[in-house]
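The chain contents come next:
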Amino acid sequence: MTATDVKFGEYGGQYVPEALMPAIEELTDAYERYVLENEDGFMDEFRQRLRDFGGRPLPLQRADHLSERYDTEVYLKREDLLHGGAHKLNNALGQVLLAKYMGKERIIAETGAGQHGTATAMAAAHLGLPCEIYMGERDINRQRPNVFRMKLNGSEVNPVTTGRGTLKEAISETMRDWATNVEDTHYVIGSIVGPAPFPAMVRDFHAVISEEAREQCKEQTGGLPDTVVACAGGGSNTMGAFANFVEDADTELVAVEAGGSSLDVDEAAGVAPNSASLSTGDEGVLHGARTKLLQDGDGQILESHSISSGLDYAGVGPELAHLVDEGRVRAANVDDDAALAAFHRLSRLEGIIPALETAHAFGWMEENPDELGDVTIVNVSGRGDKDLESVIEETEKRDVEGAVDVGEVFR
Amino acid sequence: MTATDVKFGEYGGQYVPEALMPAIEELTDAYERYVLENEDGFMDEFRQRLRDFGGRPLPLQRADHLSERYDTEVYLKREDLLHGGAHKLNNALGQVLLAKYMGKERIIAETGAGQHGTATAMAAAHLGLPCEIYMGERDINRQRPNVFRMKLNGSEVNPVTTGRGTLKEAISETMRDWATNVEDTHYVIGSIVGPAPFPAMVRDFHAVISEEAREQCKEQTGGLPDTVVACAGGGSNTMGAFANFVEDADTELVAVEAGGSSLDVDEAAGVAPNSASLSTGDEGVLHGARTKLLQDGDGQILESHSISSGLDYAGVGPELAHLVDEGRVRAANVDDDAALAAFHRLSRLEGIIPALETAHAFGWMEENPDELGDVTIVNVSGRGDKDLESVIEETEKRDVEGAVDVGEVFR
Amino acid sequence: MAENEALNEAFAGDAAFVPYLAAGDPSYEASLEYVEALERGGADVIELGLPFSEPIAEGSTIQEAVVRSLEGGMTPERFFEFVDDLDVDVPLVCMTYYNLIYQYGDDEGPRPFVEKAASLGLSGFVVPDLPAEEAGPLREACDEFGLDLVFIVAPTTAGDRLKRIMDQVSGYVYVQARLGVTGAKDDVSDQTGASLSRLREWDVPKAVGFGIKTGEHARAVVAAGADGVIVGSALVDIVAEGHEADTPVAETAERLESKTHELKQGALAGAGEDPESRGESLAESEPT
Amino acid sequence: MAENEALNEAFAGDAAFVPYLAAGDPSYEASLEYVEALERGGADVIELGLPFSEPIAEGSTIQEAVVRSLEGGMTPERFFEFVDDLDVDVPLVCMTYYNLIYQYGDDEGPRPFVEKAASLGLSGFVVPDLPAEEAGPLREACDEFGLDLVFIVAPTTAGDRLKRIMDQVSGYVYVQARLGVTGAKDDVSDQTGASLSRLREWDVPKAVGFGIKTGEHARAVVAAGADGVIVGSALVDIVAEGHEADTPVAETAERLESKTHELKQGALAGAGEDPESRGESLAESEPT
Ligand SMILES: Cc1ncc(COP(=O)(O)O)c(C=O)c1O
Ligand SMILES: Cc1ncc(COP(=O)(O)O)c(C=O)c1O
């Protein structure tokens, strides 16, 4: 691997229109200077803003009731407490600050569930840069509160009407804006995906998660964890939670994808009713990188599905795909039902309402209690406030073990 | 003042039914032993859980854009980053833990906006105690997301149908439950109100706010703040933010109440279209304490009003009433319109969407820029996610300076 | 401590019956009729509620009475007119919350209210949100004007607290039969006997209230050692039913009178029983 | 680097015209007619789009063409059939995204796709998401089968990047007239002249595309020094209008033919102008 991690084994690379390549070279240069070499004290300022604006460091909390349930030590890395309610701000703040150092005058970003969009809008307001967020029209209508938040923070929200109107289309549309306005605009990509140097850079901004967790674990338990579990959509919270443990050979790293309603693919309809690219996808090229994808035999990208919009993406970060191929990371998946049950379980047992994305990690623990080592860290990538309405709706459709009837109090 | 602060000047006391007095004596004893004397390491455990579960310490952040706007140093105490989204958990966690130390088996609480209810439900789940929350039927229907959160955390939510169905009625109803089940139940009151020892105890649990802020301010600015501003409903975030500055004679303390739509009272209708008990109320006895109240000439309690349900209460903490009488705390108020404009302003300028309650503190700054000293601390008591729907609704009704048209993106 | 003769005398008989109604429920005029009906039914003392907007010690029955009365325009001034207009001979005790007493007469504390009450011949007060700790100023004013201050003793009251209340109470002690708020129940609390036995030494009459609903309850309570029985919600229920069904006032008054009669007779029956066996008698009465 | 004779020859004339259509838009049969109409109108080379589900370099006009084509059942296999069924003599360049090339033939990389394309007589490729950095394997396969690999030079391309592209490009260089995505515009970008002058030394024909819509645009671009003009969206618009209005295929084909003719004539007109004065000529043409 080079310092800038252009490729991860076979994966990664820079599959973008020529118009963007100069910007990507400029970004690579800025990444190497500011992020890797802390030029002009960039990383110091980043860390300070993460602390003062974001609220870091965040606790590694022992989960008393889960520990009892699984008869092991379960610790929660509380990214849900980061400003904005998810790990997303680590990256958004890093990139917006970098854009400022680079002299860019405008920020754009895509968003699916709206978590990355809200994080970027917050960071842009904090740093005083104008910001436009592309969001599929369908997602806009599914995630109203996050749309309000972005607008309240002064960002424009641009509806994307092509395709099914979800994350995949929003990324494509943001790339088009970038190709048009590349000279003064920085594209803040929302996960460890896209062309190099994005996957490495986004990972580096999120690596603070495992940097803190590793120290905290040593302090609180006297050693390293046996298992680290994180959900994986694009994989940014995942790589953030894994990065500083990759060299710790005895720590198992588990990336839990969305199994959706089924792992089977309906090629005729162009639909994969899941988002399990690591577990079931094939190598291909999408949105600037070679990685594992949900695609049909021709290479057309499938519509993915997950109960959690933040995992609902047909690709995954190239580095994660590589680490899975290498056997360093274990790819797992958990279906919609199990994630929903885990959402209810954590809320009830621990007083923490997780994001539906995060709930997948807890669903995996519930299904694999015997696979847990003596000390397990789960990355609580976000809080579930954004998911309340859909959880209620989805819970009513199902018979979810241990779910409360949340609606009964209304008359 | 005695160690347990039963009275604050003329204010305070214990105006409760005899059935509760033994519980109040028991609580006073527990407060003195566990909280004041750290018996059995209670305070150590409390502080540790506040850190691991709650996410403390929380930052004191320099607000770059507000500092520029008011040409002074503005710092934000970020209670919005506490688990649950408001300062409320400091108190809820303290009281639920105390109930556990006292051997109580059941938790009850009232809630208005639902912030104290969600904080209590979280703390109860975290500590494994069953919990019931009383909430006015009208508030239940205005604050659906918070109702869901409480239920997801495993609490019962009991609708209160008497009166106007808001906070005042919910407190009365919780007192009734307590009077019925006082032997095994602890009532977690939600602000620095109620009979002694509640006002002092709740203040002590929240005092961590100013304990941190005072140290942080010295570290970051080299001295103490000239001004500390906090909104005041019951006044718990207020006293939490002031407590450690009360002895610092050069630090001005400003408690900003809800001016609502007007400071005039409609006695015939029994309505005060504001919640400014400190500024406009008279001494009286309500919910266990003598304090400043919104009441008619006969002593009947008026229906208060504020755009923010968390400030919408006809009383205020007795200690705060006393400190205002003594001239140590300055009582101010800001109306609905100014609070709404401040909500939009902070969101846009700083990337922090405040609770509508908190927005009142920022509204005061905007209206009194010349009253700010060189260093001002504002207590950001909570985040505004819970307020999105009502902000949109209220913004549409008005011509709010600098407000974005949040609805325009939906088709 | 100054005492009011009237209350002492009212408890001089075998077993006193003390009904409660909220003044002005559901209207000023009807309420006058209703209170007068209580006397005809055999009331020895009448507790007259002056409604407060936040009645934290009341169950839903009395809360609703409070709302009806306030909506009917009841105020402290009207309450005093009401007392003046009432044509009853038994002693009246004003039951209200402290803020109304405190606010009366320009924030001068409780004195003006007590003075006014005394001038109208009221005999005393029950103030559910005023424990002994906070009662000093009101107690003083009562002493000054010769009124009684009734305190509640709860099932949880014990040790020092009992002593503190004993030192201040006058007229009668209100023995709260069960934990909780006011409201008619279908049984008599088995805490009653124990509550009463703690007070055996007290030289003030003991009236038991909270949850009592029938003549049989009243009998059991007196048989358990009470000097009197206090009933509120069971009577307020009759007012509420009459109001909702638009029953003529006279008819509702009639029902109140006969209910009062039933309860008074129950109390008297209890008083006729052998005091030695009172404990068992209470046990037998529940659950009915 | 192996070159394909056909493309070289196509650019041998005064000014080449290179239209683009998405194969299969809006149906297989109609699309065959449309592409053949381009040749009749005077096309020198035809860029034939093989639609990919995520066309990140396209504006809305071509995105919609891609959707129509995919919904009509277009696949890489069908695309090759389409090429086989086409009755045109001018060279064809396949324009598509890299994942389709990569996936063809069981993940063996680009070779099987290039082999197949070569067997059907295709002349080369334009792959908008494949910059020079990632083009190695495709370049190799093209060399092996004697096909051209066209690269895009953007207005932002400069310095080392120009050299890197120059080293790999064959057939012609696609000079992107403006930043952004494909789509017809109402003016000609004033970046065009500057873009072209950077490439003066290159020994490969320079075809300008992105936003060109009228014969007048085409004239201005050639006058500014281009060897050819590429037009996509303006033609796709005609297909879309025909589709929406349910116009008979022959009529739409007629319109395509005459639009092609207009554009080709414009290009030729530009080629007739004094190369010395080309800069001003471009300036004059905008804003139209
Ligand atoms: C809370 C939360 N967790 C996880 C994810 C998935 O993203 P990633 O896999 O990049 O961490 C998202 C995306 O929106 C999210 O909001
Ligand atoms: C965010 C926030 N701030 C302030 C308040 C007002 O309460 P207090 O005055 O007790 O701090 C509330 C009450 O719900 C609240 O939610």
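In this text the structure is predicted, and so the values were computed from the model without any measurement. One numbering rule holds for all chains: residues counted from 1, following each sequence as written. By the order in which they are written, chains take letters starting at A while ligands take numbers starting at 1. Local features are withheld for residues below a pLDDT of 70 in this predicted model, meaning they are given only at 70 or higher, and side-chain atom pairs are given and counted only at 80 or more; totals for whole chains, interfaces and linings count all residues. To get the side-chain values, all heavy atoms of the structure are used, and hydrogens and water are removed first.

Trainee: Requested: an account of the relation of the copies chain A and chain B, with residues and values cited.
Mentor: A residue counts toward the fit only if its pLDDT is at least 70 in both copies, and the copies are then superposed by least squares on the C-alpha atoms of those residues. If you rotate chain A by 180° and push it 0.0 Å along the axis, it lands on chain B with an RMSD of 0.0 Å. Expressed as an axis order, the relation between the two copies is that of a two-fold axis. Relative to the rotation axis, the C-alpha of L81 of chain A is the closest in chain A, positioned 3.2 Å from it. In this assembly the copies share their binding face: 100% of the residues contributing to the interface of chain A also contribute to that of chain B. Between two residues, a contact is recorded if the distance between any of their heavy atoms is within 4.5 Å.

Trainee: If you had to explain the sheet that holds strand 2 (residues 11-15) of chain A to someone new, which residues and values would you point to?
Mentor: Residues and elements named next belong to chain A. One bridge is not enough; two strands pair if DSSP finds at least two bridges between them. Runs of E in the DSSP output that reach at least two residues are strands. Runs of H or I that reach at least four are helices, and both are numbered from the N terminus. Overall, antiparallel pairing links the four strands, which are arranged 1-2-12-11 in an open sheet. Looking at which strands have only one partner, the edges of the open sheet turn out to be strand 1 (7-8) and strand 11 (282-286). For strand 1 and strand 2, the ladder comprises two bridges, and the chain directions are antiparallel. Within strand 2, the position partnered with F8 by the bridge is Y11.

Trainee: Break down the environment of M365 of chain A for me, citing the residues and quoting the values.
Mentor: All names here are of chain A. Relative to the elements of secondary structure, M365 occurs in helix 15 (residues 356-367). Burial classes follow relative accessibility: with a 1.4 Å probe on protein chains only, a residue under 20% of its type's maximum area counts as buried, one over 50% as exposed, and anything between as partly exposed. For M365, a relative accessible area of 0% puts it in the buried group. Distance from M365 to V74, taken between C-alpha atoms, is 10.0 Å for residues 291 residues apart in sequence.

Trainee: Got a sec to walk through the interface of chain A and chain B? Specific residues and values, please.
Mentor: Chain A puts 56 residues into the contact, and the matching count from chain B is 56 residues. Of the roughly 4800 Å² buried between chain A and chain B, counting both surfaces, carbon and sulfur atoms make up 59%. Counted as salt bridges are all cases of a side-chain nitrogen of Lys or Arg within 4 Å of a carboxyl oxygen of Asp or Glu. For the pair chain A and chain B, the number of links is six salt bridges. When the shortest N-O distance is used, the salt bridge between D64 of chain B and R49 of chain A registers 3.4 Å. Throughout this description, a polar contact denotes any pair of N or O atoms lying within 3.5 Å of each other; where both atoms belong to protein, one of them has to be capable of donating a hydrogen while the other can accept it, and for residues adjacent in sequence the pair is counted only when both atoms sit in side chains. On the surface where chain A and chain B come into contact, there are 14 residue pairs in polar contact (both at pLDDT 80 or more). Top element by residues in the side of chain A that touches chain B is helix 7 (residues 144-152) of chain A. It accounts for seven residues. By residue class, the composition of the side of chain A that touches chain B is 25 nonpolar, 13 polar and 18 charged. Joining two parts hides part of their accessible area as seen by a 1.4 Å probe, and the buried area is that hidden amount summed over both. Polar here means any residue outside two lists: the nonpolar Ala, Val, Leu, Ile, Met, Phe, Trp, Tyr, Cys and Pro, and the charged Asp, Glu, Lys and Arg; Gly therefore counts as polar.

Trainee: Would you mind going over the site of ligand 1 in detail, with residue names and values included?
Mentor: Residue and element names in this part refer to chain A. One heavy atom within 4 Å of a molecule or strand is enough for the residue carrying it to be called near that molecule or strand. As a matter of local geometry, ligand 1 sits amid 18 residues, with S191, G233, G235, S236 and S381 nearest to it. Contact between ligand 1 and H87: an oxygen atom at 3.0 Å from a side-chain N or O atom of the residue. A distance of 2.7 Å separates an oxygen atom of ligand 1 from a polar backbone atom of N237. Notes on ligand 1: free accessible area 390 Å², of which the protein chains cover 97%. Class assignment of the residues belonging to the shell around ligand 1 gives a composition of five nonpolar, eleven polar and two charged. How far each domain reaches was decided by an automatic or database domain assignment. Residues from two domains meet in the shell around ligand 1; each of domain 1 (8-53 + 88-202) and domain 2 (60-85 + 207-403) gives at least three. Using a 1.4 Å probe, accessible areas were evaluated by the Shrake-Rupley method; residue-level cover was limited to the displayed protein chains.

Trainee: How would you explain the domain arrangement of chain A if you had to name every residue and give the values?
Mentor: Residue and element names in this part refer to chain A. Domain annotation of chain A identifies domain 1 (8-53 + 88-202) and domain 2 (60-85 + 207-403). Relative placement of domain 1 and domain 2: their C-alpha centres are 22 Å apart. Between domain 1 and domain 2, the contact holds 37 residues from the first and 39 residues from the second. Roughly 3200 Å² is buried in total at the junction of domain 1 and domain 2, and carbon and sulfur atoms are behind 57% of that figure. Of all residues in domain 1, the largest losses of buried area upon contact with domain 2 belong to Y11, K168 and I192, amounting jointly to 23% of the total for that side. Applying the counting rule to domain 1 against domain 2 returns two salt bridges. Between K168 and E303 there is a salt bridge, with its nearest N and O atoms 3.8 Å apart. At the level of secondary structure, the elements contributing two or more residues to the side of domain 1 that touches domain 2 comprise strand 2, helix 2 (42-52), helix 4 (88-101), helix 5 (115-127), helix 7, helix 8 (167-181) and helix 9 (198-206).

Trainee: Residue-level account of the site of ligand 2, with values.
Mentor: Residues and elements named next belong to chain B. Lining the immediate environment of ligand 2, one finds 18 residues, of which S191, G233, G235, S236 and S381 sit closest. Taking K88, its side chain carries an N or O atom lying 3.2 Å from an oxygen atom of ligand 2. Residue G235 places a main-chain N or O atom 2.6 Å away from an oxygen atom belonging to ligand 2. The fraction of the free accessible surface of ligand 2 (390 Å²) that becomes covered by protein chains is 97%. Partitioned by chemical class, the residues of the shell around ligand 2 number five nonpolar, eleven polar and two charged.

Trainee: Describe in detail helix 7 (residues 144-152) of chain B, supporting the description with residues and values.
Mentor: All names here are of chain B. Here helix 7 lies mainly inside the structure; seven of its nine residues are buried. Every buried residue of helix 7 is accounted for by N146, V147, F148, R149, M150, K151 and L152. Directly beyond the C-terminal end of helix 7, a positive phi value near 90° is found at G154.

Trainee: Describe the interface of chain C and chain B, listing the residues and the values that go with them.
Mentor: If you look at the interface, chain C gives 35 residues, while chain B gives 34 residues. Across the interface of chain C and chain B, roughly 2900 Å² is buried in total on both sides, 51% from carbon and sulfur atoms. Looking at the side of chain C facing chain B, the largest losses of area belong to E54, I56 and E134 of chain C, adding up to 22% of the total buried there. Seen at the junction of chain C and chain B, the total is five salt bridges. For E134 of chain C, the salt bridge is made with K7 of chain B, and the minimal N-O distance between the two is 3.1 Å.

Trainee: Quick one: what's the story with the side chain of T61 of chain D, residue by residue and with numbers?
Mentor: Residues and elements named next belong to chain D. Among the structural elements, T61 can be located in helix 3 (residues 60-71). With relative accessibility at 18%, the residue T61 sits in the buried group. Setting aside residues no more than four positions away along its own chain, T61 makes contact with S233, V236 and D237.

Trainee: Describe the packing of helix 11 (residues 233-244) of chain D against helix 12 (residues 249-272) of chain D, with residues and values.
Mentor: How two helices pack is summed up by the angle between their axes together with the distance between the axes. Residue and element names in this part refer to chain D. Lines fitted to C-alpha atoms define the axes, with helix axes restricted to the stretch in contact, and inter-axis angles between N-to-C directions lie between 0 and 180 degrees. Between helix 11 and helix 12, the shortest axis-to-axis distance is 10 Å and the interhelical angle comes to 165°. Classified by the interaxial angle, the pair formed by helix 11 and helix 12 is roughly antiparallel. Both helix 11 and helix 12 take part in a crossing whose hand is right-handed. Together, A234, L235, I238, V239, E241 and G242 of helix 11 and T252, R255, L256, K259, T260 and L263 of helix 12 make up the contact between the two elements. By residue class, the composition of the contact of helix 11 with helix 12 is six nonpolar, three polar and three charged. Every angle not falling under 35 degrees, over 145, or within 65 to 115 is termed oblique; those three ranges are roughly parallel, roughly antiparallel and roughly perpendicular. The hand of a helix crossing depends on one turn: near helix anticlockwise from the far one by less than a right angle means left-handed, and clockwise means right-handed.

Trainee: Report on unusual backbone geometry, specifying residues and quantitative values.
Mentor: For the peptide bond that leads from R56 of chain B to P57 of chain B, omega is -5°, which places it in the cis range. Along the polypeptide, P57 of chain B turns up in the loop between helix 2 (42-52) and strand 3 (60-62). Along the chain, A196 of chain B connects to P197 of chain B via a cis peptide bond; the corresponding omega equals 10°. Among the secondary structure elements, P197 of chain B is positioned in the loop between strand 8 (185-187) and helix 9 (198-206). Phi is positive for D71 of chain A, close to 50°, though the residue is something other than glycine.

Trainee: Give me the sheet that holds strand 4 (residues 124-126) of chain C: which residues, what numbers.
Mentor: All names here are of chain C. If you walk around this closed barrel you meet the eight strands as 1-2-3-4-5-6-7-8, and the pairing is parallel. Across the sheet, the mean angle separating the axes of adjacent strands is 25° when strand polarity is ignored. Alignment of strand 3 (residues 92-95) against strand 4, held across three bridges, turns out to be parallel. Each bridged residue has a counterpart across the sheet, and for C94 the counterpart in strand 4 is F125.

Trainee: If you had to explain the nonpolar core to someone new, which residues and values would you point to?
Mentor: In terms of nonpolar packing, the biggest core is built from 237 residues, with F79, F125 and Y172 of chain C touching the most fellow members. The leading source of residues in this core is helix 1 (residues 21-36) of chain B, at eight residues. Beyond its immediate chain neighbours, meaning those up to four positions away, F125 of chain C contacts V93, C94, F113, V114, A117, C142, L147, D148, L149 and V150 of chain C. As used in this record, nonpolar core signifies buried Ala, Val, Leu, Ile, Met, Phe, Trp, Tyr and Cys residues forming a set joined through side-chain atoms within 4.5 Å. By size, the runner-up hydrophobic cluster in this structure holds 234 residues, among which are M175, W178 and V208 of chain A together with Y102 of chain D.

Trainee: Help me get a handle on the side chain of T157 of chain C, residues and values and all.
Mentor: Its place among the elements puts T157 of chain C in the loop between strand 5 (148-153) and helix 8 (160-168). In this structure T157 of chain C comes out as buried when scored by relative accessible area, which is 0%. At a separation of 2.9 Å, a polar atom in the side chain of T157 of chain C contacts the side chain of E18 of chain B. Non-local contacts of T157 of chain C, meaning those with residues more than four positions away in its chain, are made with E18 and P22 of chain B together with L162, I165 and R198 of chain C.

Trainee: Hey, could you go over the pattern of salt bridges for me, with residue numbers and the actual values?
Mentor: Counted according to the given criterion, the structure contains 116 salt bridges over all chains. Here R161 of chain C ties to E25 of chain B by a salt bridge, and the two come within 2.6 Å at their closest N and O atoms. Taken together, the residues span two chains, with R161 of chain C in helix 8 and E25 of chain B in helix 1. A relative accessible area of 1% places R161 of chain C in the buried class. Within this structure, E18 and E25 of chain A together with E133, R161 and R164 of chain D form a network of salt bridges that share partners.

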